[in-house]
Each structure stands twice: as structure tokens, then as C-alpha cells.
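Survey of secondary and tertiary structure
Given next are the chains, with one letter for each unit.
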Amino acid sequence: MTVESVRPKDTTASAEPPVAGGAVPLLGHGWRLVRDPLAFLSQLRDHGDVVRLKLGPKTVYAVTTPALTGAVALSPNYIIAGPLWESLESLLGKEGVATANGKLHRRQRRTIQPAFRLDAIPAYGPIMAEESHALVERWRAAGGVLDITYESFRVAVRVAARCLMRGSYMDARADRICADLTTLFAGMYQRMVVPLGPLYKVPLPANREFNRALADLHVLVDEIVADRRAGGQKPDDLLTALLEAKDDNGDPIGEQEIHDQVIAILTPGAETVGSTVMSLLLVLTEHPELGDKIRDEVESVVGDRPVAFEDVRKLTYTANVVTETLRLYPAVWILTRRAVADTELGGYRIPKGADLIYSPYAIQRDRRSYERNEDFDPDRWLPERSKDVPKYAMSPFSVGNRKCPSDHFSMAELTLLTAAVAHAYRFEHAAHSDARPRIGITLRPRRLMLRALAR
């Protein structure tokens, strides 16, 4: 089956997708998406290529095959919208590249894309290497038990801020950003799957904490922009590009768009990279033989000197460990779209205005696409084996015009960081470590407490 054969058309098919079982009154399938969403989404393909779900009063169409998710991502008949984006709107706003559609989104992509060109990424290399080695040294000095949630988000925020906004002023704010994001991304998932809007305005403790974190994050972004303007400097970075960007009429873009764009740079990037770093450290803890192989590869490539950005291209096994982690533990594990026309998908009618949902987690673990689908196997990404993976069965950075612009940036950062920490340490769980998945807007271990043992 090819994408072309299932590409949505402006026609109306007669068939309605089947309804998934297990719905309950009032909440529909929402309770299953709260109770055990990973298992629920992973078994939906057994009931059809497209199935209907009930989330409260809403009907949502779940897309379950690689080909059809690729078709949805590439088709202009589906836009960024739906339960996921509605839950994120209070954080990301409506004018940032993560949530905008149409002409606004295309203009914003043109503004930020130069910062992530392949030939631009080496300029960030020294910062990535410096932060990776600083992390290794901080763990050496700290000793004892490491709170990996804090450590992972801290390094992700620092790399994003230093590379893309070139400011030491971020140092004092990194901890606040990490704390705010932890609260926000947990609350937003609940708002997505149980859409009881008015109840989230009741001044209960959880709602008050959510609103406090949201307000603090917006204050932080305003401080970052104000500090850059007050300093009068214009380094060649993404924040300068935003402050000097023009709209379609040639006028400076508005303050709200600048604000939303900074949010879109800091928060999704830091959250997804931080979550992936946590998953990588969990993998190194539970599969120590992987760390041994990475150490051997690093030593064969760099010898006795510290690993550097220039080494990343040669660290192929390390990169395959990162890729396999992205397959089994995708930070972005659930996505939604909205149909803007009556369309057909896989032989089923999708009405205009319908919301669609699909899960990279389920797609990337599907037994139909992968042999030993639940096994962690970095060698499945060797060239002679990866060619057998179906198209769109592995797309942790999405595809089409919604593909993450920082995919090469993030892969370089994650590979370098993994090489540095695996070369220096082995890891073991400490007391109260909880490796079970934490289900929020992103996916990561619930509470990872580790000891880093020097090699």
C-alpha cells in the first residue's frame, strides 16, 4: 500500500469506521485514555485502519496504520487542531509555529528555518559539547543520587537557550522553566482526554497550581524578550530573527507573535528533548551492555580526548541507540488533526470538522512493521535492515510541512550527550526510582532516580 493509494480525496465515502469497544457513559473512551492510554492505542489497529472513539460528547477518528498517518500528515485536508492543540492553546497561544496554520505557518517556518539548516548546526556544536561535558562533571562532583527529571530538563533548556537565544540570562531561569513545564504538561493531557472545560476553572489545588505555572512561564518569556531588547545586542540567533521578522505587509510582527514564537522554541523543544534524555538514561540503566558498546565506540573514534561535535557523524552505533530510543519511547506519542473538508481515508468517510487522533508510540511498536517489535535493538537501524521498515512507520519528528524543523539539531544534541555520559558512567536505579511511563502531553519515565558510577 502506498500513500498515493490512500491519500484523502474530496469525495464522500459511504462507509463509517467501526466504533472501538469499551466506551462508558459520559466519558466515552476518555477513561481508557486516562487509565492506560498506551495499551489502548496500541490495540486499536486490531479493530481497523480507522476507528471511531468517543471523548465525552465528541467523536474522534483514530488512525492506526503507517500509510494512513502519513497520508493525514501530508494532506492539506487536515490541519493542526483538535483535542491536543486545544489543550495546548493556553500555553502555546495561536500565533506560534507549533499551532499556526496556512499562510501564517508558512511565513513563520521561513523565519525560523535558517537557524536549523544543516550548514548552521555546526555553529552550535561547541555549546552542545560544553553542556554535555558540564553535565558529566556536575554529576562527578555531586555524587550520590541524581534526580534525572531535573537533570534532563535542565540540560535541554540550557542547550536550547544558549544555541537559539544566546543568553547567559537563561541560567537563573532554567529551573523555573523546568518546574513550570512539569506542571503544565501533566495538566494539559488530562484536559485533552477529559474535556470538562468549566470544571478546570474551579479553584481546586491542582487547577491553581496549573494556572500559577502557566502565568509564571509567560512572565519568563516576556522577561527574556525584554532583556534582549534592553541589552541592544543582535547576535546571529533565532531570537534576533524573530525580533527583526516582518509580516506579509512588510511590517514588524506583533508582540503576541514574538511571545508565542519564543514559547514555541523553548517549551516543546525543551520538553521533548528533556523527555528523550530521560528515556535514554533509562535505556542505559536497564541495558548496561549498550553503554559498554557506546564507550568502546567513543574510544575508537576519539581516543583519549573528550568527544566533540565533529565526532557525531562517526558515532553510528550511538546514533542508532538514540534512534531506537525514539522508536520505543517517542516523547511526542500522540497527535491530533482536524479535517477542513469532507474527505475519504482508507475507504471511510471523514466529515468536515472531524477530529483525528493517531499515536507514534503505537505505530512505532506495531508488530506488523517490526520483527521483535518490543525488543530494544539498535542494529535494526543498520542500512541493510532499516530499508525493510515500512514508510511512515518511524517518524518521531513527524513529516510534511509539520515536520519538526529542529530534527537534525536534536539528533546531534542527543547523540553527543549520550556519547559523553555513556563514556563516563554506568547507571543503576536508586531508591524510589520509578521507571513506569508518565503519561502527559509528552511521554517519559515517571520518576527516574539514578546513581552514576564512574567507569
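All of the points below concern the structure found in this document. (Residues numbered from 1 in each chain as written. Predicted model: local features only at pLDDT ≥ 70, side-chain atom pairs only at ≥ 80, totals over all residues. Heavy atoms only, no water.)

1. Looking at the overall build of the protein chain
We apply this condition: A run of H or I in DSSP becomes a helix once it reaches four residues, and a run of E becomes a strand once it reaches two; helices and strands are each numbered from the N terminus. Accessible area is worked out with a 1.4 Å probe on protein chains only. A residue is then buried under 20% of its type maximum, exposed over 50%, and partly exposed in between. By the convention used here, residues are in contact when the closest approach between their heavy atoms is within 4.5 Å. Using a 1.4 Å probe, accessible areas were evaluated by the Shrake-Rupley method; residue-level cover was limited to the displayed protein chains.
Broken down by element type, the protein chain carries 17 helices and twelve strands. Buried residues in the protein chain amount to 55% of all 455 residues. Sequence-distant contacts in the protein chain: of pairs separated by 6 or more residues, those separated by 24 or more amount to 73%. By element, 53% of the accessible surface of the protein chain is carried by carbon and sulfur atoms, the whole surface being about 19,400 Å².

2. Examining the side chain of Thr343
Spelled out, the test is: Any pair of N or O atoms that falls within 3.5 Å is considered a polar contact. Within protein, one atom must be able to donate a hydrogen and the other to accept it, and sequence-neighbouring residues count only if both atoms are side-chain atoms.
Along the chain, the position of Thr343 falls in strand E6 (residues 343-345). With a relative accessible area of 0%, Thr343 lands in the buried category. At 2.7 Å, the side chain of Thr343 and the side chain of Tyr78 are in polar contact.

3. Some thoughts on the sheet that holds strand E9 (residues 425-429)
Whether parallel or antiparallel, the strands of a sheet pair through hydrogen bonds between backbone atoms. For clarity, the threshold we go by: Each pair of strands is called paired provided DSSP finds at least two bridges between the two strands. To get an axis, a line is fitted to the C-alpha atoms, and for a helix only the part in contact is used. The angle between two axes follows their N-to-C directions and goes from 0 to 180 degrees.
If you walk across this open sheet you meet the three strands as E4-E12-E9, and the pairing is antiparallel. The open sheet is flanked by strand E4 (145-147) and E9, the only strands paired with a single partner. Direction aside, neighbouring strands of the sheet carry axes that sit 40° apart on average. Note that E4 and strand E12 (residues 449-454) share three bridges and pair antiparallel. Looking at E12, one finds that Val145 is bridged to Arg451. Of the strands in this sheet, E4, E9 and E12 are in contact with helix H7 (residues 125-142), which crosses E9 at around 60°. Across the face of the sheet, helix H8 (residues 148-164) comes into contact with E4 and E12 while running at roughly 55° to E4.

4. Considerations on the nonpolar core
Convention followed: To qualify as a nonpolar core, a set must consist of buried Ala, Val, Leu, Ile, Met, Phe, Trp, Tyr and Cys residues joined through side-chain atoms within 4.5 Å.
With 86 residues, the main nonpolar core has Trp139, Leu281, Phe409 and Val421 as its most contacted residues. Broken down by element, this core gets its largest block of residues, 14 residues, from helix H12 (residues 255-286). Contact partners of Phe409, with chain neighbours within four places excluded, come to Phe116, Ile121, Tyr124, Met128, Val159, Cys163 and Leu164. Membership of the second largest hydrophobic core comes to 18 residues, among which are Ala73, Leu335, Ala354 and Tyr358.

5. Concerning a nonpolar patch on the surface
Put simply, the rule is: Patch members must show over 30% relative accessible area and no salt bridge, and they are joined within 9 Å when carrying like charges or within 5 Å when they are nonpolar side chains of Val, Leu, Ile, Met, Phe, Trp or Tyr. Every case where a carboxyl oxygen of Asp or Glu lies within 4 Å of a side-chain nitrogen of Lys or Arg is listed as a salt bridge.
Residues Leu199, Val202 and Leu204 make up a contiguous nonpolar surface patch of about 260 Å² in total accessible area. On the secondary structure map, Leu199 appears in the loop between helix H9 (174-193) and helix H10 (205-231).

6. Considerations on the sheet that holds strand E3 (residues 78-80)
Spatial ordering of the open sheet is given by E1-E2-E8-E5-E3, a layout of five strands whose pairing is mixed. The open sheet is flanked by strand E1 (50-55) and E3, the only strands paired with a single partner. Strand-to-strand twist in this sheet, taken as the mean axis angle between neighbours without regard to direction, amounts to 40°. Two strands pair when backbone bridges link them, and strand E2 (residues 58-63) and strand E8 (residues 355-358) are joined in this way by three bridges, in the parallel orientation.

7. With respect to the side chain of Ser152
Looking at the secondary structure, you find Ser152 in helix H8. For Ser152, a relative accessible area of 1% corresponds to the buried category. If near-sequence neighbours (up to four positions away) are discounted, Ser152 is found in contact with Gly274, Val277, Met278 and Leu281.

8. Description of the environment of Thr182
Mapped onto the fold, Thr182 is located in helix H9. Expressed as a C-alpha distance, the spacing of Thr182 and Phe210, which sit 28 residues apart in the sequence, is 9.8 Å. Setting aside chain neighbours within four positions, we find Thr182 in contact with Arg438 and Arg444.

9. Let's talk about the pattern of salt bridges
Per the stated rule, a full pass over the model turns up 30 salt bridges. Of the charged contacts in the structure, one is a salt bridge between Arg368 and Asp46, with a shortest N-O distance of 2.5 Å. Taken together, the residues span a long stretch of sequence, with Arg368 in the loop between helix H15 (360-364) and helix H16 (383-386) and Asp46 in the loop between helix H3 (37-42) and E1 at a distance of 322 residues. Exposure remark for Asp46: the relative accessible area of 46% places this residue in the partly exposed category. Residue Arg138 is joined to Glu151 by a salt bridge in which the shortest nitrogen-to-oxygen separation is 2.9 Å. Placement of Arg138 in helix H7 and of Glu151 in helix H8 is noted, with a sequence separation of 13 residues between them. Residue Arg138 is classed as partly exposed on the basis of its relative accessible area, which comes to 26%. The exposure class assigned to Glu151 is buried, which follows from its relative accessible area of 9%. Several salt bridges converge on common partners, so that one network encompasses Arg45, Asp46, Asp366, Arg367 and Arg368.

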